[in-house]
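Residue-level listing of the chains:
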Amino acid sequence: MKKVPIRMCLSCRERKEKKFLVRVVRTLQGTLEVDPTGKRAGRGAYVCPVPECVERLDRKSLSFAFRMEVSEKEALSLKEALRAYLGGQAKEVRHDKGQSV
């Protein structure tokens, strides 16, 4: 039996299977970005793909997870990128179910 990777959400602190979370990565250049593939190089952290968890993200938890000082501007930029990513996923899901977008 294969071991299932478990990760913790940065905002709600719930442990879930890795495949159900969205990875956020600190790139080698030091920027924070959404990592849809989960394979980009850099230090990663995970967030639940729900708007409540994205909104609850704060500078303190991001700084701790990425072991660097995260500015308020960087945190807001990351939240915006996560909202855009999740919004795009929601449209794709609706389209796959045969409903109009």
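Residues numbered from 1 in each chain as written. Predicted model: local features only at pLDDT ≥ 70, side-chain atom pairs only at ≥ 80, totals over all residues. Heavy atoms only, no water.

Moving on, we get to the pattern of salt bridges. Summed over all chains, the structure comprises eight salt bridges. For the salt bridge of arginine 40 with glutamate 33, the shortest nitrogen-to-oxygen distance reads 2.5 Å. The class for glutamate 33 is partly exposed, based on a relative accessible area of 28%. Where glutamate 55 meets arginine 83, a salt bridge forms, and the shortest distance between an N and an O atom there is 2.6 Å. Here the residue glutamate 55 occupies a position in helix H1 (residues 51-56), and arginine 83 occupies one in helix H3 (residues 72-96), the gap between them amounting to 28 residues. According to the relative accessible area criterion, glutamate 55 is partly exposed, its value standing at 42%. You can call arginine 83 partly exposed: its relative accessible area is 31%. The structure contains a network of salt bridges with shared partners spanning Glu55, Glu80 and Arg83. (Salt bridge = Lys/Arg side-chain N within 4 Å of Asp/Glu carboxyl O. Buried < 20%, exposed > 50% of the residue type's maximum accessible area, 1.4 Å probe, protein only. Helix = DSSP H or I, 4+ residues; strand = E, 2+ residues; numbered from the N terminus.)

Read from one edge of the open sheet, three strands run E4-E3-E5, paired in antiparallel fashion. Bordering the open sheet on either side are strand E4 (32-35) and strand E5 (43-47), each of which pairs with just one other strand. Ignoring which end each strand starts from, the neighbouring axes of this sheet average 30 degrees apart. Of the strand pairs in this sheet, strand E3 (residues 22-26) and E5 are connected by five bridges, and their pairing is antiparallel. Residue pairing across strands places valine 22 opposite valine 47, the latter belonging to E5. Sitting on the sheet, helix H2 (residues 59-66) touches E3, E4 and E5, and the angle it makes with E5 is about 140 degrees. (Pairing = 2+ DSSP bridges. Axes fitted to C-alpha atoms, helices over the stretch in contact; angles between N-to-C directions. Contact = heavy atoms within 4.5 Å.)

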